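Commentary on secondary and tertiary structure
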Amino acid sequence: MPFSKSGGLADVVGSLSPALVSSGVETRVLMPLYGFINEKGFKYKYTLTVSMLDKDEKIDIVSIKHKGVEYVALKHPVFTERKGIYGDTSFTPYGDNAYRYLLMSKAVLQYMKKSRFMADIVHCHDWTSGLVPFLLKKEGFLSYSIFTIHNLAYQGTFSRFDALPLGFETEEEMFSGEGIDRRFNMLKAGLIYSDMITTVSESYVDEIQDKEQGCGLEDILRARKDCLAGILNGIDTDEWSPETDKYFKTHFTSKDQSGKKKLKAKVQEKFGLNKEADTPLIAMISRIAEQKGFHELLHGTPCALEKILNMKCQVLLIGTGDKEYVDKLNELAARYKNLSVNIIFSQEASHLVEGAADFFLMPSRYEPCGLNQMYSLRYGTLPIVHETGGLKDTVIDIDSDVYKGNGFSFKVLNSDEIVNCVKRALSFYNKGSKAVEEARRVGMETDFSWNESAQKYIKIYKKLLGGTK
Ligand code: GLC
């Protein structure tokens, strides 16, 4: 149950934290109190004073307990008086983001002092918290820090002057780029000063050490490779369960999949598609962005998506994102009645569509982990993916392994490969429901819960604590 969400990071922190608590780790999550978070139930604790250059900022600490985790929220106008997280829309970051997340990072240390919660481990996620490991070291805290990379492409780079409120001299190694592009880089700071770096799948660990996917930080990642580990994300199996899902009533299991068929009819109707039981339904639930493979899907005439729509299938898309792609999708939807485009961000629609679809298309250019393919597997929706990052680590091609196969995958990302892979998936569908049900069963019975992954984090925490500082 994340309080704020722009992508998978929220799902991860929201479900890893209670999993840690279940294993006996006292866990507190520090986060900004964004304007859209309902403050009901949060209790006021105290007010912190954080000095930012020549200004003392007052931050109210409010907190709430949920599933054994204490969520500690930082209440300050730079967070509460905004509509969005990073910007009002995903393309317009707030001009003072450096200030906002510097304030957050400094407040973390103040909170630890004031509450006397001297955590053994401070676990930071992505660029907004990248300065915390640096500050912990500078201020002589004994806590160890872990920095988890969810997406290396978003680094939080700012001008040199934006770093001034830090209150410490910045080191040249915290900058990236050359000449006038040389910028203060928050994610890089996290990579340099944390005691351990993790990322969200094993394949992504290797990929980010190469130039192609290293986003300019491959050298530092290679230099620290002994402190770099990949731990595949788990999913919240209470929230994502076809047997109990709160958004639909026609529940199903790997042994009795009949509820899935009923749900498909309902979803086809709800999203304006013909109610055709035997037409394979391909879903996409995604940020509509280049990272997610939309260039390869939509460029050219006819584009890959059009070629797919000319086969016997229906395509249902849910998501928000870049205007250029959204326009093209709407234009195709006006021409093809087997395409339903829904420019929305909705938990309910995501659950319904995951539950109802036959296939889930995820041709990401890169994917640090990816959660939707795991939600799909759990709901008997066969994924069709590009073999990259976490997709490569979770999807096994049915044509390469009949017993363990749980989906379809292609090695090289381009329009033809997407079309060919979808063609393969559709011809598998035509083999009949016995084969399809058996393939679904494999994914549905795989354990994607946090049990194993939370233990791997705990192992790292313990290893750090056993070392010397
Ligand atoms: C980011 C990545 C995604 C990953 C998620 C959670 O959103 O792009 O692949 O699943 O973080 O770690």
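Please refer to the structure higher up on the page.
Treat the numbers as computed from the prediction; the structure is a model and nothing was measured.

**With respect to unusual backbone geometry**
Put simply, T301 and P302 share a cis peptide bond, and its omega is -5°. Mapping P302 onto the fold places it in the loop between α10 (294-298) and α11 (304-309). Here the phi dihedral of D126 falls at roughly 60°; this positive angle occurs in a residue that is not glycine. The topology assignment puts D126 in the loop between β5 (121-125) and α4 (132-138).

**Focus: the site of the ligand**
Inspection of the region around the ligand gives 13 residues, with H150, N233, E367, C369 and G370 positioned closest. At a separation of 3.0 Å, an oxygen atom of the ligand approaches a polar backbone atom of C369. The backbone of G370 places a nitrogen or oxygen atom 2.7 Å from an oxygen atom of the ligand. Considered on its own, the ligand offers 310 Å² of accessible surface; in the complex 91% of this is hidden by protein.

**What to know about the sheet that holds strand β8 (residues 175-176)**
Taken in spatial order, the 3 strands line up as β7-β9-β8 in an open sheet, and their pairing is antiparallel. Both outer strands of the open sheet, β7 (157-158) and β8, are each paired with one neighbouring strand and no more. Here helix α5 (residues 186-193) sits on the sheet in contact with β7, β8 and β9 (183-185), set at roughly 50° to β9.

**Regarding the environment of L273**
Assignment of secondary structure puts L273 in the loop between α9 (258-270) and β12 (281-285). A relative accessible area of 6% places L273 in the buried class. Here the alpha-carbon distance between L273 and S340, two residues 67 residues apart in the chain, equals 6.7 Å. Not counting residues within four places of it along the chain, the set of residues in contact with L273 comprises Q268, L281, Q314, V315, L316, K337, N338, L339 and S340.

Reading the values: rules and limits
- Residues numbered from 1 in each chain as written.
- Predicted model: local features only at pLDDT ≥ 70, side-chain atom pairs only at ≥ 80, totals over all residues.
- Heavy atoms only, no water.
- Helix = DSSP H or I, 4+ residues; strand = E, 2+ residues; numbered from the N terminus.
- Near = heavy atom within 4 Å.
- Polar contact = N/O pair within 3.5 Å; in protein donor to acceptor, adjacent residues only side chain to side chain.
- Areas by Shrake-Rupley, 256 points an atom, 1.4 Å probe, with all protein chains shown as cover.
- Pairing = 2+ DSSP bridges.
- Contact = heavy atoms within 4.5 Å.
- Axes fitted to C-alpha atoms, helices over the stretch in contact; angles between N-to-C directions.
- Buried < 20%, exposed > 50% of the residue type's maximum accessible area, 1.4 Å probe, protein only.

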